[in-house]
Amino acid sequence: MNNLGIRAILYSARKWKKTLLVFCLLLAITTLVLSGLAIADAQEEQAEEVRGTTGASFTVERDISTGGWNGNYSTQEFMSEDMIQQIAAVDGIAGYDATLITLPRIFNDKGEELAHENYSFYNYGSYNSQYHELFLSGRFELVEGTHITDDMTGSIIISRELAEWNGLKVGDTLTGVYYPQNNTPEVDMEIVGIFDVVADKDDQVNMYDDASYYAYSSYVFCSMDAAEGLIKGWGEDGEGISEAYYYVTDAAQLENVIREVQSISSINWNNYKITANDEVYQNISSALSDTGTLITTLIIVITAVSMVLIILILSMSIRSRKRETGILLAVGIAKPAVILQYVLETLLIAVVAFPLAYLSSKQVAGTLGTLFGKAAENVIVTPEHFMLVAIVGGILLVAAVLVSSISTIRLKPKQILAQME
Amino acid sequence: MNLYKRAYLYSIRKKGKTLTLLAFLLVMATLMLTCLSIQSATETANANIKKALLGYFTINAKTLENGIPEDTVSQILDVDGLSGRYTLRSYTYAAYFDADGNGLTINTEGAAQVPEGYENAGRVVANSNSQEDSYFTDGGFEMVEGSPITTETGSQVLIHEKFAQRNGLSVGDTMLLGNVEDKDKTIPVTVAGIFTNTEEQDSIGMAPSYDLYDNIVFTDLSTASFLLYGTEGTTNVQYGDFYVNDPDELERIMTDVQELDGVDWESCTLTRYDNDYQNAKESLEGLQNIVFIAIAVVSVICFLVLALFLTLRLRGRIHETGVYLAMGISKGSVLLQYLLEVILVAAIALVISFGTSTAISHQIGSSLLSQVTSETYETVDLTGESEAVEEEPAEDLGLAEIEVALSAEDYALVWAFGMVLCVASTALAAYPIMKMKPKSILSQMS
């Protein structure tokens, strides 16, 4: 029987129990490493998600210090809609908002002025009200309908109190007027949402800015076109969008996103300034990266240990075949052929074990997760992981067999056989 | 030859095999121990994240006649789960006089009106730490001279640059704060610092005179307490913000606080502020799950591999078993010999693994520490150029130091599981061999 391929197969088949054991070991260890790699990736993704929830943002505002001053207000140019959209289109920005404040009086569809606590309303013209500071900070909470989004026109969201006092509901139409004496137009707006006031307005932590003189129930948010409509025809000088807020998907990328925004050449950056706000992220970033380091270390330890285990197992299985090796050498089979046979046997097992490990590791993390009531959608074994493990694992196996055969192969057949018990 | 001696001699004679087994068990035990210590370290890291998200609740006792008394504040701080970080605040109005009792001049330009009785009065803001007041954190106020107020007592004030100029006051001067309604009730205070505003007040023309930035005075809590409640020697406050370690416990802590005696909680408003945590909560839990899954996968597969390995090892000794049995040694004592061998090696491996895993944990711990380097971050300059500036020392949030250390319980756990597993898998693997007759075993040999 000269063909070492046949010898390898025959050995594996005859010693099927032993082969099965080595196979199971390989399968288990490969599954471990593959799951480990998938977990490392999932951790990174999850950490990114956590960073995304910290509300890291930057503000673009007109730079008053480089603009003129006419005695009462800055003559610096306002932000244009184009500019705002251009910045919003930069990669890595999750959402944005800008405000255009107007103080309109609002009437219902019968022409009656709405009952409320102030002389007028404090109206934020908004692109995406979900990104408005009052909602992000949790002071207001949308309870009915939808937020204002940048594709809406003629829409408004109001407080629950206001809705209750005036019997208003989502879908009703309101009419706002800002400066009737200056012939600004009446603007019709449909109620698309109703918010609840969570914050304690009674708390005197308050800087007595404009807004603080209005009750929260008198706050309304309308779509930007409606806000612009309210001031149409009135002096364009003092009114416009002076600030816009951009929220990034990954707080760690905030700097890069800002740099990209600054490279938009069509914007005259001399007139605008950018400030970054990522306090929450700064607070948690060190603890978050600690978790990352710990998990990465864990995976490295797992991988290293798996390599050691494979070497140990193979060397043990080869060493127990000393006597067989002696006989094979004694019948005149060349040393390389004997080693090659062992390598072939091992690879034969690996060829079956590796793909099976790919399938089983796809299951294992998810099963364990759900078993303990913890979802694990993020733990995904990718083909790249498999390629990596198959290639490195294959090399490792061959190396392990070679190293463990050295001690046996060095000896003469006679010495080997004499050594046997 | 008794079985102890046999077990010992076998282990000595087959040095290579014994060493392989030792190495194997050592590696497995170290892996498990390292996993467990990493797991407890990630729990600390996770608790740190929760703490750093700064969940807190605010007590608004504005409507109470005497506010929140001093001893109630210390009782609240004793409630389990508070991080120890807190801010107390009081707000009132006071008439301003110089040391001789003559009214000081306030700014009235841009005021919507100057209410009667407030001709020399302005808003008084008291905060545990004036630097943390929203005027300074959000409103663009900045110290120009002197130092901020950081103590609860001391009868100090901070005044606006323009107010100081208008009245010829400077740091170290004394002035009087008087109750607006009862002008005889005054308290002398020292000017500790002068501030200015870097942003314009946008409510000019809308705000009454006392709310104008120029007319605001910051003081300590005990002075405000005197003005508000007429207390002397004790400090009552209107508002308290109390930070908690774990925002998940906010609800429980707020209930506990409302059970304290001495305050009419019905008339107070308690508001929870944990929006940052609520936003991050879900993804944070995901992160925790991943750690859990990692540990679970490692444990299960470790046990599997260990059982398989021991089985493989025993199968290599079929011949030997046959000989023993043929020699008339009872099955029980052969099995016991095998068990003894494994237990002996396992015990040595577990002892050594304590050292190795401690060393590894130590290594991980120090790599975490070295991560904390002085980070720099970019501030975006007006001209669009960026310049790197040294970041101010990060705010001390009182986070726990992450310790990657092996706990005694974990070590005991690994001992127990390791031993049980070694015994069980050896016994299981030996079972089919033991079932056979010596003759059939020996005739089966290759």
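Model, not experiment: these values are computed from the prediction.

**Focus on the overall build of chain B**
Step number 1: Regarding its fold elements, chain B presents 12 helices and 12 strands.
Step number 2: Viewed in the frame of its principal axes, chain B has a C-alpha envelope of about 120 × 55 × 35 Å.
Step number 3: The proportion of buried residues among the 446 residues of chain B is 42%.
Step number 4: Counted over contacts in chain B with a minimum sequence separation of 6, partners at least 24 positions apart contribute 82%.

**Concerning the overall build of chain A**
Step number 1: When helices and strands are counted, chain A shows 12 helices and 11 strands.
Step number 2: Relative to the compact-globule value of 22 Å for 421 residues, chain A shows a C-alpha radius of gyration of 35 Å, a clear excess of over 25%.
Step number 3: For the C-alpha atoms alone, the extent of chain A along its principal axes is close to 115 × 45 × 40 Å.
Step number 4: For chain A, long-range pairs separated by at least 24 residues make up 79% of all intrachain contacts whose partners lie at least 6 apart in sequence.

**Focus on the UniProt feature "transmembrane region" (unreviewed entry) in chain A**
Step number 1: Per the UniProt entry, the sites bearing "transmembrane region" (unreviewed entry) are residues 294-314, 326-359 and 386-411 of chain A in this numbering.
Step number 2: This span, residues 294-314 of chain A, is 100% helix and 0% strand, and a straight line between its end C-alpha atoms measures 30 Å.

**Brief notes about the interface of chain A and chain B**
Step number 1: Counting residues at the interface gives 78 residues for chain A, matched by 74 residues for chain B.
Step number 2: Counting residues per element, the ones that place at least two in the side of chain A that touches chain B are helix 2 (16-52), helix 7 (254-262), strand 11 (272-277), helix 8 (279-319) and helix 10 (335-371) of chain A.
Step number 3: With 25 residues, helix 8 of chain A is the largest single contributor of residues to the side of chain A that touches chain B.
Step number 4: Classifying every residue of the side of chain A that touches chain B by side-chain character gives 41 nonpolar, 23 polar and 14 charged.

**Let's talk about the nonpolar core**
Step number 1: Of all hydrophobic cores here, the largest spans 236 residues; its most connected members are L25(A), I39(A), I156(A), V297(B) and V305(B).
Step number 2: With residues up to four places along the chain from it excluded, the contact list for I39(A) reads I299(A), A365(A), V379(A), I290(B), I293(B) and A294(B).

**Thoughts on the domain arrangement of chain B**
Step number 1: In terms of domain boundaries, chain B breaks down into domain 1 (3-49 + 280-370 + 397-444) and domain 2 (56-273).
Step number 2: The C-alpha centroid of domain 2 of chain B is placed 63 Å from the C-alpha centroid of domain 1 of chain B.

**Observations concerning helix 6 (residues 221-229) of chain B**
Residue and element names in this part refer to chain B.
Step number 1: Within helix 6, 9 of the 9 residues are buried, which leaves it mostly tucked inside the rest of the structure.
Step number 2: Burial in helix 6 covers these residues: L221, S222, T223, A224, S225, F226, L227, L228 and Y229.
Step number 3: On its buried face, helix 6 is in contact with strand 2 (82-98), strand 3 (121-127), strand 6 (174-179), strand 7 (186-197) and strand 8 (217-219).
Step number 4: At the exit of helix 6 stands G230, carrying a positive phi of roughly 70°.

**Topic: the pairing of strand 10 (residues 243-248) of chain A**
A regular strand places its side chains on the two faces of the sheet in alternate fashion.
All names here are of chain A.
Step number 1: Buried residues dominate strand 10, accounting for 5 of its 6 residues.
Step number 2: The pairing of strand 1 (residues 57-62) with strand 10 spans 5 bridges and is antiparallel. Across the sheet, the residue bridging to F58 is Y246, located in strand 10.

Parameters and conventions
- Residues numbered from 1 in each chain as written.
- Chains lettered and ligands numbered in written order.
- Predicted model: local features only at pLDDT ≥ 70, side-chain atom pairs only at ≥ 80, totals over all residues.
- Helix = DSSP H or I, 4+ residues; strand = E, 2+ residues; numbered from the N terminus.
- Buried ≥ 20, exposed ≤ 12 C-beta atoms within 10 Å, placed from the backbone.
- Contact = placed C-beta atoms within 7 Å.
- Rg over C-alpha atoms; globule rule 2.2 N^0.38 Å.
- UniProt positions renumbered as here; feature names shortened; annotations may be inferred.
- Nonpolar A, V, L, I, M, F, W, Y, C, P; charged D, E, K, R; others polar.
- Core = buried A, V, L, I, M, F, W, Y, C linked by C-beta atoms within 7 Å.
- Domains from an automatic or database assignment.
- Pairing = 2+ DSSP bridges.

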